[in-house]
Amino acid sequence: SQKIEQNSEALNIQEGKTATLTCNYTNYSPAYLQWYRQDPGRGPVFLLLIRENEKEKRKERLKVTFDTTLKQSLFHITASQPADSATYLCALGSSASKIIFGSGTRLSIRP
Amino acid sequence: DAGITQSPRHKVTETGTPVTLRCHQTENHRYMYWYRQDPGHGLRLIHYSYGVKDTDKGEVSDGYSVSRSKTEDFLLTLESATSSQTSVYFCAISEGRGRADTQYFGPGTRLTVL
């Protein structure tokens, strides 16, 4: 069955460092991959999308890589800030209506 | 939250009672979705709609039904609530114009079934 794995343990990073989150998947050939941010008590918010034919995508301090051979995406936050503390969800899609989400990684940035 | 509201935001009910959750959007997006989020499971799709009166099942549809009589409203009904349906429910919308579609989520409804 299709499976998405994200770091189940929380990630604790010192402010100013680069945070790297991992998303691995099996039994799936996604057309695209998305990353969402979720704060406690709120719905997820879209951050970035990367397509199967793209290797890397950047947006301000965020960078996403997508390796379809390794079946892995890495999500980087450079110059991390305490305000970046949240849960980050990886999602894979093959069409507009078929998106599956990982369970998320909780990121904490300490001052 | 991108013009999406959910009601109620919190609800406590008893086993065996029917429950209806409402999602309302002001974005005129074609697709609407209902997810549940539980610790360790992430977001799991219950049902989705690709137009008025057009709906389809998701990964965890047993015990749930949906209806969409207007573009802006998508209702989720638990026909006879069970304790296993205690969860946080999120509605999402998307334009559905291409293969890669961003989803916009509502604020969620926390449902407790006693």
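Residues numbered from 1 in each chain as written. Chains lettered and ligands numbered in written order. Predicted model: local features only at pLDDT ≥ 70, side-chain atom pairs only at ≥ 80, totals over all residues. Heavy atoms only, no water.

*Asks:* Pulling in residues and values, what's your account of the overall build of chain B?
*Replies:* A tally of regular secondary structure across chain B gives zero helices and eleven strands. For chain B, the N- to C-terminal ordering of α and β elements is β-β-β-β-β-β-β-β-β-β-β. Against the compact-globule benchmark of 13 Å for 114 residues, chain B has a radius of gyration of 13 Å, which places it among compact chains. Dimensions of chain B, computed from the C-alpha atoms along their principal axes, are close to 40 × 30 × 25 Å. Long-range pairs, those at least 24 residues apart, make up 55% of the contacts in chain B with a sequence separation of at least 6. For chain B, the exposed area adds up to about 5300 Å²; of that, 46% sits on carbon and sulfur atoms. Between the averaged position of the 13 positive side-chain charges in chain B and that of its 13 negative side-chain charges there is a distance of 1 Å. (Helix = DSSP H or I, 4+ residues; strand = E, 2+ residues; numbered from the N terminus. Rg over C-alpha atoms; globule rule 2.2 N^0.38 Å. Contact = heavy atoms within 4.5 Å. Areas by Shrake-Rupley, 256 points an atom, 1.4 Å probe, with all protein chains shown as cover. Lys, Arg positive; Asp, Glu negative; His and termini not counted. Charge placed at Lys NZ, Arg CZ, Asp CG, Glu CD.)

*Asks:* A description of the environment of Tyr 89 of chain B should follow, citing residues and the corresponding values.
*Replies:* Residues and elements named next belong to chain B. You can see Tyr 89 is positioned in strand S9 (residues 87–94). Sequence separation between Tyr 89 and Ile 46 is 43 residues, and the spatial gap between their C-alpha atoms is 9.5 Å. If we skip the residues at most four places from it in the chain, Tyr 89 touches Gln 6, Leu 21, Trp 34, Tyr 35, Arg 36, Ile 46, Tyr 64, Leu 76, Leu 78, Gly 108, Thr 109 and Leu 111.

*Asks:* Could you give me a rundown of the side chain of Ser 49 of chain B, with the residues and numbers involved?
*Replies:* All names here are of chain B. Structurally, Ser 49 is set in strand S5 (residues 42–51). A polar atom in the side chain of Ser 49 sits 2.8 Å from the backbone oxygen of Asp 54. If we skip the residues at most four places from it in the chain, Ser 49 touches Arg 30, Tyr 31, Met 32, Asp 54, Thr 55, Arg 68 and Phe 74. (Polar contact = N/O pair within 3.5 Å; in protein donor to acceptor, adjacent residues only side chain to side chain.)

*Asks:* Can you break down the pattern of salt bridges residue by residue, with the values?
*Replies:* Here the structure, examined in full by the defined rule, presents nine salt bridges over all chains. Residues Glu 5 of chain A and Lys 3 of chain A are paired through a salt bridge, measuring 3.4 Å at the closest nitrogen-oxygen approach. Classification of Glu 5 of chain A as partly exposed rests on a relative accessible area of 43%. Here Lys 3 of chain A falls in the partly exposed class, since its relative accessible area comes to 44%. The residue Arg 36 of chain B makes a salt bridge to Asp 38 of chain B at a minimum N-O spacing of 2.8 Å. Taken individually, Arg 36 of chain B and Asp 38 of chain B each receive the classification buried, so the pair is uniform in this respect. One continuous salt-bridge network, built from bridges that share partners, spans Arg 22, Lys 70 and Asp 73 of chain B. (Salt bridge = Lys/Arg side-chain N within 4 Å of Asp/Glu carboxyl O. Buried < 20%, exposed > 50% of the residue type's maximum accessible area, 1.4 Å probe, protein only.)

*Asks:* Before we move on, can you summarise the state of the cysteines with the specific residues and values?
*Replies:* All names here are of chain B. This model, assessed by the stated rule, comprises two disulfides over all chains. The disulfide bridge from Cys 23 ends at Cys 91, spanning 1.9 Å between sulfur atoms. Its S-S torsion of about -70° marks the bond between Cys 23 and Cys 91 as left-handed, since a negative value means left-handed. With Cys 23 in strand S3 (residues 19–25) and Cys 91 in strand S9, the pair connects residues that are 68 residues apart, well separated along the chain. Each member of the pair Cys 23 and Cys 91 is classed as buried. (Disulfide = S-S within 2.5 Å.)

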